[in-house]
Amino acid sequence: MSKEFGKILVVQQKMIGDVLTSTILLEALREKYPKAELHYLVNSHTVPVLENNPFIDKLVLFTPEVEKSKLEFFRFLKKIRKEKYDVVIDVYGKISSNLITLFSGAQIRIGEQKSHTKWIYSQIVKNSKQSSGQHNLAVENRLGLLKPLDIEINHDVQPKIYLSEKEISEGKKIMLANDINFDNTVLMISLLGSSKEKTYPLAYMAKLLDTIVDRNNNVHLIFNYFPSQIEEASGIYDLCHEKTRNRIWFDLYATDLRKFLSFVFHCDAVIGNEGGAINMAKALNIPTFAVFSPWVRKEIWGNKNNPNHIGVHLRDYKPEFFQNYNRKKFKANQKQLYAEFKPSLFQEALAKFIETLNDKNQNLSK
């Protein structure tokens, strides 16, 4: 399709990792249609990772009130209709986004191929189950939604977070005020996943941190957790050796997500549970070492052949457990699978990752 469009809406009402990843569509759309007005419909709590994004002309916010009230949702649909979009790309693919896409009145409505929703879209795209190129499945399937618009992306693409110079400067000032020494290797630790099913066992995490400190005398560990997770974070802290606890910054709080991002920007890496913190670090071009939940497919969110972003999965070490993979069964059995995912399996890979960080820091200090 070579024609120019007036307005294009991308719909992604999910969590931070998904919202960030889907920004690659906005960048590609801007390159193809420089005159189009690009709108991005997202959950309101994800806005901080989208601030200053040069490819988004307008954020359309899906609020908790709209989600919980049928009346508010109907009013929301009317507002969408009034925008008169030429194209709507439904990345989310759930009932609410199906309805938003349908009632938008857009002539071109693009979505994933599903038997019960195919009548909603004018253009249907089939998701891949196995990655066929240089991207992971999360990226590859999103880029697939651009094919009906004749947009082909063959080069490496990554979502990006845009911090201002002021935010970067203020983040460093706060860290220095909390005695962070940037001559050391500063590691942000993603202590807990978005759910218990995505959280590496607390005792294993403590052991992992002990190993890091035992092998590296020049590390600072910043604990990343939500206030509601303080009990679990304290539990990990208490399980660590005294030497490790002396290297942990437990109370370096960010008052909002943008400040947290300014802290991540100044870290040498983010290590821990795969999830939001890992995805945000990637979008800031900060190296990551992600521990995947055994029931989550690494090929969806892992980075292919990128030494700056390492992901470890139980399947890497014990493939025999995954001969008959079934997502629901594996999720139900995640405790037993996590028990098999001992830190000793990947501690050498982590040691090599941190050694690379140390070498970079030494080279920079020369």
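This text goes with the structure placed above it.
Just so we're clear, the structure is a prediction, and the values are computed from it rather than from any experiment.

Cut-offs and rules
- Residues numbered from 1 in each chain as written.
- Predicted model: local features only at pLDDT ≥ 70, side-chain atom pairs only at ≥ 80, totals over all residues.
- Heavy atoms only, no water.
- Helix = DSSP H or I, 4+ residues; strand = E, 2+ residues; numbered from the N terminus.
- Buried < 20%, exposed > 50% of the residue type's maximum accessible area, 1.4 Å probe, protein only.
- Contact = heavy atoms within 4.5 Å.
- Areas by Shrake-Rupley, 256 points an atom, 1.4 Å probe, with all protein chains shown as cover.
- Pairing = 2+ DSSP bridges.
- Right-handed = clockwise from strand over helix to strand, strands pointing away.
- 1 Å grid on protein atoms, 1.4 Å probe; cavity = no way out; pocket = protein on both sides within 12 Å on 5 of 7 lines; lining within 4 Å.
- Points joined across faces, edges and corners; volume = space filled by probe spheres on them.
- Nonpolar A, V, L, I, M, F, W, Y, C, P; charged D, E, K, R; others polar.

Asker: Report on the overall build of the chain, specifying residues and quantitative values.
Answerer: When you go through the chain residue by residue, the secondary structure sums to 17 helices and 12 strands. When each of the 366 residues of the chain is scored for burial, the buried share is 51%. Residue pairs at least 24 apart in sequence account for 62% of intrachain contacts in the chain once pairs closer than 6 positions are excluded. Per element, the accessible surface of the chain, about 18400 Å² overall, is 50% carbon and sulfur.

Asker: Could you give an account of the pairing of strand 7 (residues 185-190), with specific residues and numbers?
Answerer: Here strand 7 lies mainly inside the structure; 6 of its 6 residues are buried. Residues Thr-185, Leu-187 and Ile-189 of strand 7 are buried on one face, and the alternating residues Val-186, Met-188 and Ser-190, pointing to the opposite face, are buried as well. Pairing of strand 7 with strand 8 (residues 219-224) involves 6 bridges; the strand directions are parallel. Residue pairing for strand 8: Ile-189 is matched across the bridge by Phe-223. Each parallel crossover has a hand, and the one from strand 7 via helix 8 (residues 202-215) to strand 8 is right-handed. Where strand 7 lies against strand 10 (residues 269-273), 4 bridges are found, and the strand directions are parallel. By the bridge assignment, Ile-189 is partnered in strand 10 with Ile-271.

Asker: Tell me what's going on with empty space enclosed by the protein, and back it up with residues and numbers.
Answerer: Using the criterion set out here, one finds 1 cavity of 30 Å³ or more in the structure. Size it by volume and the largest cavity reaches roughly 40 Å³. Along its surface, the largest cavity is lined by Thr-23, Ile-24, Glu-27, Asn-53, Phe-55, Gln-158, Pro-159, Lys-160 and Tyr-162. Tallied by class, residues from the lining of the largest cavity come to 4 nonpolar, 3 polar and 2 charged.

Asker: I'd like a rundown of unusual backbone geometry, residues and numbers included.
Answerer: Despite not being glycine, Lys-84 shows a phi value in the positive range, around 55 degrees. In this fold, Lys-84 is placed in the loop between helix 4 (70-82) and strand 4 (87-90). Positive phi values are uncommon outside glycine, yet Asp-150 reaches one of about 60 degrees. Inspection of the secondary structure assignment puts Asp-150 in the loop between helix 6 (137-144) and helix 7 (165-177).

Without other data, these values stay purely geometric and don't point to any function.
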